[in-house]
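Topology and contacts: notes
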Amino acid sequence: MIKLVPRTKKSPIISAIIPILAVGLTMIFGGILFWILGKDPFETIRMIFWDPLMNETFADYARPQILVKAAPLILIAIGLSFGFRANIWNIGAEGQFIMGAIFSGALGLAFYPQESVLLFPLMIFFGVIGGVFWASIPALLRTYFNTNEILVSLMLVYVAEQVLAAASIGFLRNPEGAGFPGSRNLSQYPSAANLEIISGSGIHWGVATAFVSVIFFYILLYKHKFGFQVSLSGMSPKAARLSGVNPRLLVILCLALSGGLAGLAGMFELTGPAGQITIDFNVGYGFTAIIVAFLGRLNPIGILFSGMLMALTYVGGELTQFMLNLPAAAIQVFQGMLLFFLLSMDLLVNYKIKLARF
Amino acid sequence: MKKIINFFLTLSGILLLGSGVFAADLKVGFVYVGPPGDFGWTYQHDQGRKAVEKAFGDRVETTFAENVPEGADAERVMTQMALSGHDMIFATSFGYMDPVMNVAAKFPNVKFEHATGYKRADNVSTYSARFYEGRSVIGHIAGKMTKSNVVGYIASFPIPEVVRGINAAYLAAKAANPNVKFKIVWVFTWFDPAKEADAANALIDQGADVLMAHTDSPSPLTVAEERGVFAFGQASDMLQFGPNARLGSIIDDWDPYYIARVQAALDGTWESTDTWDGLAPGMAALGGFHEKIPMDVRAEAMNLAVAIAGGRTHSFTGPINRQDGSAWLAEGETADDGTLLGMNFYVEGIEGDIPQ
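Keep in mind the model is a prediction, meaning the values are calculated, not measured.

1. Looking at the overall build of chain A
Counting secondary structure elements, chain A contains 14 helices and 2 strands. Expected size for 358 residues packed as a compact globule is a radius of gyration near 21 Å; at 22 Å, chain A falls within 12% of this value. Dimensions along the principal axes, computed over C-alpha positions, put chain A at roughly 75 × 60 × 30 Å. Looking at chain A as a whole, 51% of its 358 residues are labelled buried. A separation threshold of at least 6 residues defines the contact pool for chain A, and within that pool the share at least 24 residues apart is 78%.

2. Structural notes on the domain arrangement of chain B
All names here are of chain B. Split into domains, chain B comes out as domain 1 (25-129) and domain 2 (131-252 + 284-341). One C-alpha centre belongs to domain 1, the other to domain 2; they are set 29 Å apart. With 9 residues of domain 1 in contact, the opposing surface of domain 2 contributes 13 residues. In terms of residues, the side of domain 1 that touches domain 2 owes the most to one element, helix α2 (residues 41-56), which gives 3 residues. Of the residues contributing to the side of domain 1 that touches domain 2, the split by class is 4 nonpolar, 4 polar and 1 charged.

3. Some points on the pairing of strand β9 (residues 230-235) of chain B
Residues and elements named next belong to chain B. Among the 6 residues that make up β9, 6 are buried, leaving the element largely enclosed by the rest of the structure. Strand direction decides the pairing type here: strand β8 (residues 210-213) and β9, joined by 2 bridges, are parallel. Within the sheet, the bridge partner assigned to Val 210 lies in β9 and is Phe 230. Handedness of the β8-helix α8 (residues 219-227)-β9 crossover: right-handed. The pairing of β9 with strand β10 (residues 246-252) spans 5 bridges and is parallel. Looking across to β10, one finds that Ala 231 is bridged to Arg 246.

4. A closer look at the pairing of strand β7 (residues 181-186) of chain B
Residues in a regular strand project their side chains so that they alternate between the two faces of the sheet. All names here are of chain B. Where strand β6 (residues 150-155) lies against β7, 6 bridges are found, and the strand directions are parallel. Within the sheet, the bridge partner assigned to Val 151 lies in β7 and is Phe 182. At this point the chain moves from β6, through helix α6 (residues 160-176), to the parallel β7, and the crossover so formed is right-handed.

5. Here we look at the sheet that holds strand β1 (residues 26-31) of chain B
With parallel pairing, 6 strands are arranged side by side in an open sheet as β2-β1-β3-β4-β5-β11 (chain B). For this open sheet the edge positions go to β2 (60-65) and β11 (274-277) of chain B, each flanked by a neighbour on one side alone. Shown here is a sheet whose adjacent strand axes are inclined to one another by a mean of 15°, direction ignored. Bridge analysis of strand β3 (residues 88-91) of chain B against strand β4 (residues 111-115) of chain B gives 4 bridges, and the strand direction is parallel. Looking at β4 of chain B, one finds that Phe 90 of chain B is bridged to Glu 113 of chain B. Strands β1 and β2 of chain B of the sheet are contacted by helix α13 (residues 300-324) of chain A, whose axis makes an angle of about 150° with β2 of chain B. Across the sheet, α2 of chain B touches β1 and β2 of chain B, and the angle it forms with β2 of chain B is around 165°.

6. Side note on the interface of chain B and chain A
Taken together, the contact between chain B and chain A spans 35 residues of the former and 32 residues of the latter. Going through the elements one at a time, α1 (2-19), β2 and α3 (72-83) of chain B are the ones with two or more residues in the side of chain B that touches chain A. Ranked by residue count, the leading element in the side of chain B that touches chain A is α3 of chain B, at 8 residues. Grouping the constituent residues of the side of chain B that touches chain A by class yields 17 nonpolar, 13 polar and 5 charged.

7. Regarding the environment of Tyr 258 of chain B
Mapped onto the secondary structure, Tyr 258 of chain B falls in helix α9 (residues 255-267). Those residues within four positions of Tyr 258 of chain B in sequence are excluded, and the remaining contacts are Gly 48, Ala 51 and Val 52 of chain B.

8. A few points about the environment of Gly 284 of chain A
All names here are of chain A. Relative to the assigned elements, Gly 284 resides in the loop between α11 (247-274) and α12 (285-295). Classification of Gly 284 as exposed rests on a count of 11 C-beta atoms within 10 Å. Along the sequence, Gly 284 and Phe 97 sit 187 residues apart, while their C-alpha atoms lie 9.6 Å from each other.

9. Side note on the packing of helix α2 (residues 41-49) of chain A against α13 of chain A
Residues and elements named next belong to chain A. Relative to each other, α2 and α13 sit at 135°, their axes nearing to 7 Å. By the angle between their directions, the pair α2 and α13 is classed as oblique. Between α2 and α13 lies a crossing whose hand is right-handed. On α13, the residues that touch Glu 43, Thr 44, Met 47, Ile 48 and Phe 49 of α2 are Leu 312, Thr 313, Gly 316, Gly 317, Leu 319, Thr 320, Met 323 and Leu 324. Residue composition of the contact of α2 with α13, grouped by class: 7 nonpolar, 5 polar and 1 charged.

10. Quick word on the nonpolar core
One finds Ile 74 and Ile 76 of chain A together with Val 31 and Leu 211 of chain B to be the most contacted residues of the largest nonpolar core, which totals 210 residues. If one sorts the elements of this core by residue count, helix α4 (residues 59-85) of chain A sits on top with 15 residues. Both domain 1 (25-129) and domain 2 (131-252 + 284-341) of chain B contribute no fewer than three residues apiece to this core. Aside from chain neighbours lying at most four places away, what touches Ile 74 of chain A is Ala 210, Val 214, Ile 303, Leu 304 and Gly 307 of chain A.

Conventions adopted
- Residues numbered from 1 in each chain as written.
- Chains lettered and ligands numbered in written order.
- Predicted model: local features only at pLDDT ≥ 70, side-chain atom pairs only at ≥ 80, totals over all residues.
- Helix = DSSP H or I, 4+ residues; strand = E, 2+ residues; numbered from the N terminus.
- Rg over C-alpha atoms; globule rule 2.2 N^0.38 Å.
- Buried ≥ 20, exposed ≤ 12 C-beta atoms within 10 Å, placed from the backbone.
- Contact = placed C-beta atoms within 7 Å.
- Domains from an automatic or database assignment.
- Nonpolar A, V, L, I, M, F, W, Y, C, P; charged D, E, K, R; others polar.
- Pairing = 2+ DSSP bridges.
- Right-handed = clockwise from strand over helix to strand, strands pointing away.
- Axes fitted to C-alpha atoms, helices over the stretch in contact; angles between N-to-C directions.
- Parallel < 35°, antiparallel > 145°, perpendicular 65-115°, else oblique.
- Left-handed = near helix turned anticlockwise from the far one by under 90°.
- Core = buried A, V, L, I, M, F, W, Y, C linked by C-beta atoms within 7 Å.

Here it is, written out as structure tokens:
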């Protein structure tokens with residue numbers, strides 16, 4: 001019989017090996033899936049993990065694109081990780097991402113076509129405000145009316161999507177857009193554009209911000225009192241209260257932090273890669289970031305890597321679609337497997353497997 | 001360890017070579033906004049892709065990427081397609097417009113075909129179909145077939161294309177049956193079978209006995225079949241989803257256009273063009289009429305279709321007033337394409353407002 005025995009000491013070696021093991025298992029089972037679909041499993045897996053990084057045809061373009069795809073995931077996931085550590089569950093980052101984009105976009109469009117160096121920083125500020133505002137609704141409802149922030153934040157995603165639709169066809173619609181939905185293209189409005197830092201790479205200010213955030217929030221989490229309080233509240237709310245943590249304030253701060261970073265990500269995405277407020281502006285970064293946060297073990301540096309891994313599977317997965325005619329759903333299953341193995345392997349971090357006799 | 005690494009490097013090298021051996025004269029990529037299994041918009045584009053494969057055999061290789069979100073992701077997918085040696089890319093959704101323009105500027109040798117957009121360049125063509133011509137025909141049938149005089153209309157987004165369809169269907173229905181009323185539900189999605197079904201049920205509950213949809217899934221038709229009312233196939237024929245309910249269908253038939261454009265690219269005669277074809281060349285086609293439609297109505301519908309295709313009738317022929325009662329088209333005047341392309345108003349008689 002197999003028995004699980006809790007580990008008294010967590011082994012750092014096992015913690016480090018497990019993600020690699022999980023990726024290995026995903027490749028094996030994913031390979032079987034691809035083989036069943038009639039594709040060469042080695043070629044498919046090579047194309048997902050190797051070609052975007054190393055294939056000479058794609059790599060020059062795809063390498064920076066991985067960072068561009070990863071940046072919003074990393075920013076949002078870092079914000080979420082603080083709340084998750086303290087058992088404060090913001091599931092609505094997607095909505096906060098949208099509201100950050102709408103707030104900053106509305107500000108930018110209000111000043112169109114005037115040029116000013118102050119506009120972009122002000123839009124960044126408004127992006128954060130938009131996200132914080134949307135996250136403050138579940139925060140205040142939870143602190144004052146004891147509602148469940150999981151449900152409220154999630155439901156507000158759908159409200160935000162309606163606001164987005166209203167903005168695209170109504171108050172932010174491009175007056176020169178021939179009646180089609182969607183705002184003016186902010187990436188073509190110099191003062192509002194989130195420009196490339198390295199020309200031709202696609203790497204924009206949001207990518208730089210994501211990297212800086214990793215360092216900043218790593219320090220905040222491990223070297224600052226706030227990070228300690230967050231972690232303590234998650235492990236033992238009672239102990240946290242006794243040590244002077246105000247649980248209400250913590251809920252508000254954690255939701256504001258995650259909302260603000262999601263709004264920031266929305267702002268950078270709007271003014272850079274996406275360009276326009278459109279009905280389909282949001283493509284699920286806010287939800288994928290939840291997975292990225294857990295894959296990265298709620299640690300900013302871990303999130304940096306898990307964000308890039310997710311981005312790699314997106315970019316590589318696209319290649320397999322039109323190079324090998326693999327259906328998009330197969331890639332989603334493959335991504336799902338990766339998460340499943342990583343999270344289930346976590347068991348080995350906390351438990352030892354013992355074979356015992358009856 | 002080094003040996004293992006070497007082994008894998010060699011292996012990947014072999015695989016790399018293997019993938020480059022086969023080469024057709026022309027490699028054509030298709031970018032889809034939905035899944036080819038939607039039995040609507042994307043399904044018909046994929047039928048067009050298959051028609052190209054069938055027409056040219058080994059001379060042309062086709063590939064596709066499905067469920068590609070509009071915006072940054074579309075730009076990346078098209079760039080990777082261009083990098084991987086595609087000579088021609090069909091971008092089959094309106095929202096791919098700016099990404100197409102960006103990628104086309106970077107790859108002047110790749111030919112782009114953008115569906116339903118209005119921005120063009122030397123290597124970017126646009127194409128769309130005059131679906132409103134088909135909507136006039138099914139509008140006529142709807143007007144004749146409704147007993148409750150309420151036609152339910154499931155609309156996706158308030159864009160000119162959809163508004164034009166509502167107006168065309170309403171005018172034809174009204175001409176066929178002066179008592180007809182349209183109830184319109186905006187679902188703000190192109191493809192969400194559950195939401196489309198909810199809308200269909202709501203419309204039937206409000207007394208509609210004929211449904212029209214301008215969304216991509218067959219679910220309104222499935223609901224109509226269950227509830228015993230009539231509906232139409234949209235984008236594809238959809239007969240199998242409502243054998244008793246489906247009165248007719250408007251079919252997006254991209255096959256001839258796709259074959260012609262690929263042929264032009266093969267011949268070296270491809271040029272940037274703007275195509276807006278209707279019933280005449282068959283880009284908007286009609287599915288077979290249901291036998292429940294009386295013979296005389298079928299004949300009227302056929303005559304209308306033939307007259308539109310032959311240019312003898314226009315879906316928008318005056319006198320037509322706008323919803324607010326102001327004059328739009330005088331007696332005998334027909335709408336110009338510019339107004340149609342930007343249509344953002346209802347014609348007189350339609351109740352409710354276009355969401356703003």
